[in-house]
Structure formats: structure tokens, C-alpha cells
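Commentary on secondary and tertiary structure
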Amino acid sequence: MHSPKWTPESWKNLPIRQQPDYPDADELQQTLEKIHSYPALVSPGEVENLRKQIASATRGERFILQGGDCAERFIDCRENIIANKIRILLQMSVILTHGLRKPIVRIGRIAGQYAKPRSQNIEEVHGQQLCSYRGDCINGFPATPASRTPQPQRLLSAYNHSAITLNYIRSLIDGGFADLHHPYNWNLHSIEQTAKWPEYKRIVDRILEAIEFMEMFGGVSSESLGRIEFYTSHEGLLLGYEQTLTRSDESSGKYYNLGAHMLWIGERTRQLEGAHVEYFRGIANPVGIKLGPTAQANELCKILDVLNPENEAGRIMLITRFGAGKVNEVLPNLIKAVKKSGHHVAWTCDPMHGNMVTVNGGQKTRKFEDILSELQHTFTVHRQEDSTLVGAHFELTGDEVTECTGGALNLDHHDLHRNYETYCDPRLNYIQSLEIAFAINKMKVGWR
Ligand code: PEP
Ligand code: CO
């Protein structure tokens, strides 16, 4: 049962999944208190702006693009890696604005995406039983007993790396990084070498013409083109950490998680009677809920009643991730049930997590065609059900990694070893991400 009165720690009274076992409870407590004493990373005003934008997307006026690493790594907290991620999200959003004729709500899986749920607690490496890697804020990736032991100091490091990353993103955006005239933004690098480039180039040229055209009429200045809104998100998994960044806002009396603008509940932790749903019901941020192929319509409606009793628009984003072959079977019932319940939700699709395959004796990958296929089926089912898909969620990076197969460069599983960087799930690389944006525009036939 959920507590009669919510507090930032009432989740502790409910069963909880996917939390690490820390060997030193005192050290954990002291570290959490230290983080609690530090400033928030984002402000309630920014969180409310995002909520209004998601409300507008729910009405079909905007499209939500959410993307970033599966698991951020501390070693990737570098200027060029962060800038490349912002740039690919920006380029995708410009392509989508052009194709869908709608403003895009940009949400990074960034500046805090450091904790991972795992299907197995234990991993066997060279005959040795080790705790699974659970993200840089919990333990280390190297497969040794010392590195895999959960260390509280990593929580502090996660807070610090989030703050550094967010500070750099803010300085990039304030400094005009997103200015659409900035040549850096339209240097599409390697995609120009691919056979698909002539088709894409036509679209890019049209976008550049449109910008010039708007400017001729004085409607848009370079300055406003450079100032975009960008929001951060991560999975709200490690509730001890999330609690430290949960702050009450004196003017509204509401509690916000000020470690990110938006947080989501993962597929493995969304139990109706569980600690995560309890924690999330008390924060005022927009909340995402991941829904896998076993999601039950009646359970989902009950979760929505608990998380959004006032049926506030912009509060809930449903993120479906069934796998390309299961969309037609699972999605229609969920759409029907949510519609019947009267809940306002923003339906988005994560075409990554249901489409994992293992190759080369254990390497995880995803096929570009499966990712596109899940998106296409999801668009189509929404149209058939008189509903609207208003966003998409990707694991991607702005660098030339080789983690997912397919796409314009036609990567196959023999290419994966070349630049396989991820510590967790495979991400779309720079070219594959751009291609996804062009492909969604073609699917807009499904847009109502
Ligand atoms: C993720 O988004 O990285 C993730 C673990 O997703 P899910 O909860 O949908 O499996
Ligand atoms: Co993932």
C-alpha cells in the first residue's frame, strides 16, 4: 500500500528492486547527506516549462525527441563528446521540425544517466562470479571484484559529473552553439560519403533556404535561432540518490526532483505497489514510464491513477518499447484502455530496448531496420486507434561508434569491434541518428 502521506523518503516503506548492496552503510549515509547539502542542478521554473511543452506535445502540437547514452560514462565527460551529442540532437530536431512542421521538445538522456537496472545481479567472467556493472554511479566497469563492489563515493562523482556536463551544455547553448548559421552545425561529415547523401542533401538545402527566407522577413534573428531550449533526463532508479536532489519549492509548496528536468521509471521497477511508483507520485516533474511487451492495461491505468490523480497534462509520458514484432499485438489494447480511463498522456516510442540481439558470441547489438520497423508500426497503430505518437526515445551518440548494425554505412556484425564503446546497450552512431530523423519525416504520413 502506498503511504497515506508522501514524503521524500516514504518509498522506504515499500518493496524495492534493482538497488545495490553497499558494504558500508555509514559511508553511504554520509555521502547522501553531502549531496543533499549541495545546490540543485535545475530549477522548478525550468521543470514547469518542460511540463507545459509536454502538455502541448500531448495535444499534438509538438514532437518530443529524447536521446542520449544508455549509460553515461565518467570518462566521456569531455568537451567534444558532450558537444557532439548536443549537435546530433539539434540536427535531428531541425530535420524533424522541417519534416513534421512542428516545434521539437529536446530532452537529453544526459547529465545524470549513470545508474542501470540489470536483469542479472551476478555476471560470470573467466569463471569468476562478479556483481554486474550497474552504471558509473554504482560500480566500475572493469571486471574485478574491487571495481564491481558498489562504492558510495561514486554517487558524489555522479553528482559532480552531472553538474559539469550540464554547465557545459548551458554554456554551449548560451554561447550560440545552436545558431543554425553556425557552419559547424551543418557540417554533416561522414554522411556526405554515403550513397544516401544526394537524397538527404536536398532536404538540408531546403532547410537552409527556409531559414534564409524567414530571416528576410525579419521574423527570426540569428540570436533567437541560437537560443534553444534543452532539457535533461535520466532513469530515476537509485532512490537514495534521487531523494537527495528532491527539494521543496517554497512558492508552490510542491516537491521537485531538481537533479534533472524529467525522470522516467524503468520497465523493471514500475510495480504498482513498489517503492519507485511511491517516490515518483510525490514529485512534480514530468514522469516517463517505460512499457515493455508484458505491460498490462489494467495495471497501467492504476499506475496512472497513482502518479497523476489530477490528470494534469504534461505530467506523464508513456514510452513503449515492445520490439518491432510485438507492437501490433500489445499496443492497441493499451491505447484503448488509457483512452477509456480518460488519462492525458504523451505517447512516445523507444524502438531500442525491445530490439536487442546478441552476436559474435555475446556482443549486444541492434539492427537499424528493426529500430525503424518498431517506429513505423507504432506510428501506424496509433493512427489506426485514432491516437497520436508524439515522441521518440533513442540511445544514440554524436560519435562514429560501431554498436548498432545497418544504416547508410551498412555496418554488419563483423564491423562492431572497430569502435564498440558502450558499457551497456548499443547506441545509434552519428550517421544512423541523422538517418532516423530523415526516416521519421517519411513516416509522417501517420501524423494526424
Ligand atoms: C534504458 O532506457 O536504458 C532501459 C534500461 O530501459 P528499459 O527500462 O525500458 O529496459
Ligand atoms: Co539501455
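Look a little higher up for the structure.
An account of the accompanying structure is given in this report. (Residues numbered from 1 in each chain as written. Chains lettered and ligands numbered in written order. Predicted model: local features only at pLDDT ≥ 70, side-chain atom pairs only at ≥ 80, totals over all residues. Heavy atoms only, no water.)

Topic: the overall build of the protein
Helices and strands together make up the secondary structure of the protein, namely 14 helices and 14 strands. Taken along the three principal axes of its C-alpha coordinates, the protein extends 60 × 50 × 45 Å. When the 448 residues of the protein are sorted by exposure, 60% land in the buried category. Carbon together with sulfur atoms contributes 50% to the accessible area of the protein, which is approximately 18400 Å² in total. Of the side-chain charges in the protein, 49 are positive and 53 negative, and the distance between the mean point of each set is 4 Å. (Helix = DSSP H or I, 4+ residues; strand = E, 2+ residues; numbered from the N terminus. Buried < 20%, exposed > 50% of the residue type's maximum accessible area, 1.4 Å probe, protein only. Areas by Shrake-Rupley, 256 points an atom, 1.4 Å probe, with all protein chains shown as cover. Lys, Arg positive; Asp, Glu negative; His and termini not counted. Charge placed at Lys NZ, Arg CZ, Asp CG, Glu CD.)

Structural notes on the site of ligand 1
Residues in contact with ligand 1, as listed here, are Cys-70, Arg-109, Lys-116, Pro-117, Trp-264, Gly-266, Glu-267, Arg-268, Lys-290, Arg-321, His-353 and Glu-395. Within the backbone of Glu-267, an N or O atom sits 2.9 Å from an oxygen atom of ligand 1. Residue His-353 places a side-chain N or O atom 3.0 Å away from an oxygen atom belonging to ligand 1. Isolated, ligand 1 exposes 300 Å² of accessible area, and the fraction of that covered by the protein chains is 98%. Classifying every residue of the shell around ligand 1 gives three nonpolar, two polar and seven charged. (Near = heavy atom within 4 Å. Polar contact = N/O pair within 3.5 Å; in protein donor to acceptor, adjacent residues only side chain to side chain. Nonpolar A, V, L, I, M, F, W, Y, C, P; charged D, E, K, R; others polar.)

Examining the environment of Tyr-133
When you line up the elements, Tyr-133 lands in the loop between β4 (128–131) and α4 (145–148). Along the backbone, Tyr-133 and Asn-121 are 12 residues apart, and their C-alpha atoms lie at a distance of 8.7 Å. Ignoring sequence-local partners within four residues, the contact set of Tyr-133 consists of Arg-118, Glu-123, Asn-139, Gly-140, Phe-141, Arg-148 and Tyr-423. (Contact = heavy atoms within 4.5 Å.)

Notes on the state of the cysteines
For the structure shown, the criterion picks out zero disulfides. Looking at Cys-137, it has no disulfide partner, and the nearest cysteine sulfur is the one in Cys-424, 12 Å off. Overall, the relative accessible area of 5% leaves Cys-137 in the buried class. In this structure Cys-404 is a free cysteine whose sulfur lies 11 Å from that of Cys-70, the closest cysteine sulfur available. (Disulfide = S-S within 2.5 Å.)

Observations regarding the sheet that holds strand β11 (residues 346–349)
Around the barrel, eight strands lie side by side as β1-β2-β5-β8-β9-β10-β11-β14; this closed barrel has parallel pairing. Within this sheet the neighbouring strands show an average axis-to-axis angle of 25 degrees, counted without direction. Pairing geometry for strand β9 (residues 287–291) and strand β10 (residues 316–320), over five bridges, is parallel. Note that in β10 the partner of Ile-289 across the bridge is Leu-318. (Pairing = 2+ DSSP bridges. Axes fitted to C-alpha atoms, helices over the stretch in contact; angles between N-to-C directions.)

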